[in-house]
Amino acid sequence: STNAPFFNRPPLLYGVHFGMHYLLAESKDFLSLGIEPGVHFSFSYNNIFGTTLLLQVPAYLVGRLGCRATRYNESLLGVGIGVGGNYTYILLPYTSNDRLSQGFVAPAAMSEIIANPRRQEHGAFTLRFHINLIPFDTDFSEVVAGVPTRERLRYENYGVGLIYQF
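Residues numbered from 1 in each chain as written. Predicted model: local features only at pLDDT ≥ 70, side-chain atom pairs only at ≥ 80, totals over all residues. Heavy atoms only, no water.

Caption draft 1: Structural context of the pattern of salt bridges. A complete count under the given rule lists four salt bridges for this structure. Between R64 and E112 there is a salt bridge; the shortest N-O distance is 2.7 Å. You can see R64 sitting in strand β4 (residues 50-66) and its partner E112 sitting in strand β6 (residues 99-115), a full 48 residues away along the chain. Pair check on accessibility: R64 and E112 agree, each one buried. Ionic pairing is found between R128 and E112, a salt bridge with its closest N-O pair at 2.7 Å. One end of the pair, R128, is in strand β7 (residues 124-132); the other, E112, is in strand β6, with 16 residues separating them in the sequence. The two residues R128 and E112 agree in class, both being buried. A network of salt bridges, in which partner residues are shared, links E36, R64, E112 and R128. (Salt bridge = Lys/Arg side-chain N within 4 Å of Asp/Glu carboxyl O. Helix = DSSP H or I, 4+ residues; strand = E, 2+ residues; numbered from the N terminus. Buried < 20%, exposed > 50% of the residue type's maximum accessible area, 1.4 Å probe, protein only.)

Structure, rendered in structure tokens:
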């Protein structure tokens, strides 16, 4: 049925992320603390419900050890961990005719493993896991076949990204 709720299967989103790392403090190019703001745009397509769009603006306070702790660190491997906040705007189809448009802010955390196989200033790869620490809940109503219904959406945000650092 085209009026079945979309939420039975959450969308798998594909996207692109742009971000910067601003160094606040460092120790011998091996340990650092910085701020990492970014912007992330994702989408998903479902042939019944249409397109889901997601815009996120995360900002983290990040501690790094080893590779990419500073731009001059030439270590092979490194790790990072961060806490901060994430603004999310989502345009989500919930039936074939209706869309939910919602924005919210949530505390967030991330962790990462960094590798620089060429050990040069540019060209490191980062495998990052991020998660919103508190899910977002919202209520909305719709009319299906003349009968008003009330739905509750719980949006839990987590993801994995592979980042190439220029």
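That covers the picture; the talk isn't over yet.
Caption draft 2: Quick look at the packing of aromatic side chains. Taken as a whole, this structure holds two aromatic pairs when the rule is applied. Ring plane angle 5 degrees and centroid distance 4.1 Å describe the contact between F104 and F136, whose orientation is recorded as stacked. Of this pair, F104 sits in strand β6 while F136 sits in strand β8 (residues 136-144), and the two are 32 residues apart along the sequence. Considered together, F104 and F136 belong to a single accessibility category, that of buried residues. (Phe/Tyr/Trp six-rings, centres within 6.5 Å; stacked < 30°, edge-to-face > 60°.)

Caption draft 3: Focus on the pairing of strand β1 (residues 14-19). Of all six residues making up β1, only zero are buried, and the element is barely covered by its neighbours. Both β1 and strand β3 (residues 31-46) contribute to a ladder of six bridges, which runs antiparallel. Note on β3: the bridge partner recorded for V16 is F41. (Pairing = 2+ DSSP bridges.)

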